[in-house]
Amino acid sequence: MQLADRARGISPSPTLSIDAKAKAMQAQGIKIINFSAGEPDFDTPEHIKKAAVEALAAGFTKYTPVPGINELREAVVATLKKNRSLDYDPSQVVISVGAKHALYNAMQVLLNPGDEVLLCHPYWVSYYEQVKLAGAVPRVLETSEATGFKITPEQLAAAVTPRTRVLLLNSPSNPAGSVYTREELAALAEVILAKNLLVISDEIYSALVYDGREHVSIASLGPEIKERTILIDGVSKTYAMTGWRIGWAVAPRPVAKAMADLQSHSTSNPTSIAQKAAVAALTGTQEPVEEMRREFERRRDRLLAGLQALPDVTCLKPEGAFYLFPNVSGLFGRRYGEKVLANSTDVAEVLLQEAQVAVVPGIAFGADAYLRFSYATSREQIEEGIERIGRFVEQLT
Ligand SMILES: *Cc1c(COP(=O)(O)O)cnc(C)c1O
């Protein structure tokens, strides 16, 4: 079958495929400790589920306006005002089928073939593919543990070419868990304005920051940078609502309108009752969010201590999201039985086969020295996982 070039160029999401492999082993009765999932393990809070049930019972089951119901767009505006001191009009909000869809829409309406998009390494896999799907060219800004996996303004300025259109920023970040401070964002904003770039700011982990940090949106740093920001967020990570598929973009009016027009020819509105649930999430009690955040913080500390205790493994303390990103290059060249561990894929595969521990190889994020551990799993699983990995590392020769 002859497929379009566009389809043949797509690499499937490696994070989802490892999760699928782990789940398949689990279905065979093998007990897997799964650190590969990119979603909270908590159940969606009751009051949110109830809102969906009520919407269903009330027959709220028809098409809604393409960019979402007013109630939800207004709730997004009110939340941005409250949490990030941002002023928007509901007409600037486009509700989509998850934040991933909002990102896709944004790239489709902003990028021409040949345009360059700057991604910060280690980057979330879908950015790379979505840039390519828009016919544009992903360019990667390297970072390291030394800079806390953050780019610098000098580095950004030096990377800009006449074709550079967009910087993709993700704070708190997946996979490294880095969080940019207000000062760091202000310095980046200066370069963005000077170089006439746009910034797509993926703030899907905004609610998950630790050690008393605050989440800052680059859009909140002044009217000029706000006019150049497409802010992406959603309910998936904050409210344990990954399956509901509600996310949004908040953008300057012409961009928002183009995104809604594009969406009108693909998915139309996101699911009606999921939108009602999202309204309940944003306008209801935020206590479950804080409870989940605190639990994530405790798990981060426990898993971090476990990983840092491993010989030849180093791990920075992440500041947000729910991932740890240890450097395992110290294990490269060693053997498990006959198998030489040459890269992150080898380590992840042998860990899954021999220790039944599922993690994502860093190569999936363009960073082959690392593994990504999600701590969106129970503390019992974390304890068991630490033990299994400890035994695994001991067996390497
Ligand atoms: C999970 C995730 C998303 C997508 O979230 P959905 O709203 O479920 O589509 C976007 N960006 C990053 C960095 C993520 O980790």
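Since we're looking at a predicted model, the values are computed, not measured.

Visitor: Lay out the overall build of the protein chain in plain terms, naming residues and giving numbers.
Guide: Helices and strands together make up the secondary structure of the protein chain, namely 14 helices and 14 strands. For the protein chain, the C-alpha radius of gyration of 21 Å lies close to 21 Å, the compact-globule estimate for 397 residues. On the principal axes, the C-alpha backbone points of the protein chain span a range of 60 × 55 × 55 Å. Long-range contacts, defined here as pairs at least 24 residues apart, represent 73% of the contacts in the protein chain between residues at least 6 apart. On the protein chain, roughly 16,700 Å² of surface is accessible, and the fraction owed to carbon and sulfur atoms is 52%.

Visitor: If you had to explain helix 12 (residues 287-308) to someone new, which residues and values would you point to?
Guide: With 22 residues, helix 12 should reach 32 Å at 1.5 Å per residue; the first-to-last C-alpha distance of 32 Å fits that figure. By the burial criterion, the buried members of helix 12 are Val-289, Met-292, Arg-293, Glu-295, Phe-296, Glu-297, Arg-299, Arg-300, Leu-303, Leu-304, Gly-306 and Leu-307. Close packing links the buried residues of helix 12 with strand 9 (323-324), strand 14 (371-374) and helix 14 (379-394).

Visitor: Any chance you could break down the nonpolar core for me, citing the residues and the numbers?
Guide: What tends to happen in soluble globular proteins is that the nonpolar side chains get buried as a cluster. Counting 77 residues, the largest nonpolar core has Phe-35, Ile-200, Ile-230, Leu-303, Leu-351, Phe-373 and Phe-392 as the members making the most contacts within it. Here the element with the most residues in this core is helix 5 (residues 99-110); it accounts for 6 residues. Each of domain 1 (5-43 + 288-394) and domain 2 (62-283) contributes no fewer than three residues to this core. Those residues within four positions of Leu-303 in sequence are excluded, and the remaining contacts are Phe-35, Leu-324, Phe-373, Tyr-375, Ile-382 and Ile-386.

What counts, and where the lines are drawn
Residues numbered from 1 in each chain as written. Predicted model: local features only at pLDDT ≥ 70, side-chain atom pairs only at ≥ 80, totals over all residues. Heavy atoms only, no water. Helix = DSSP H or I, 4+ residues; strand = E, 2+ residues; numbered from the N terminus. Rg over C-alpha atoms; globule rule 2.2 N^0.38 Å. Contact = heavy atoms within 4.5 Å. Areas by Shrake-Rupley, 256 points an atom, 1.4 Å probe, with all protein chains shown as cover. Expected span 1.5 Å × (residues − 1). Buried < 20%, exposed > 50% of the residue type's maximum accessible area, 1.4 Å probe, protein only. Core = buried A, V, L, I, M, F, W, Y, C linked by side-chain atoms within 4.5 Å. Domains from an automatic or database assignment.

Coordinates in, geometry out; function isn't part of it.
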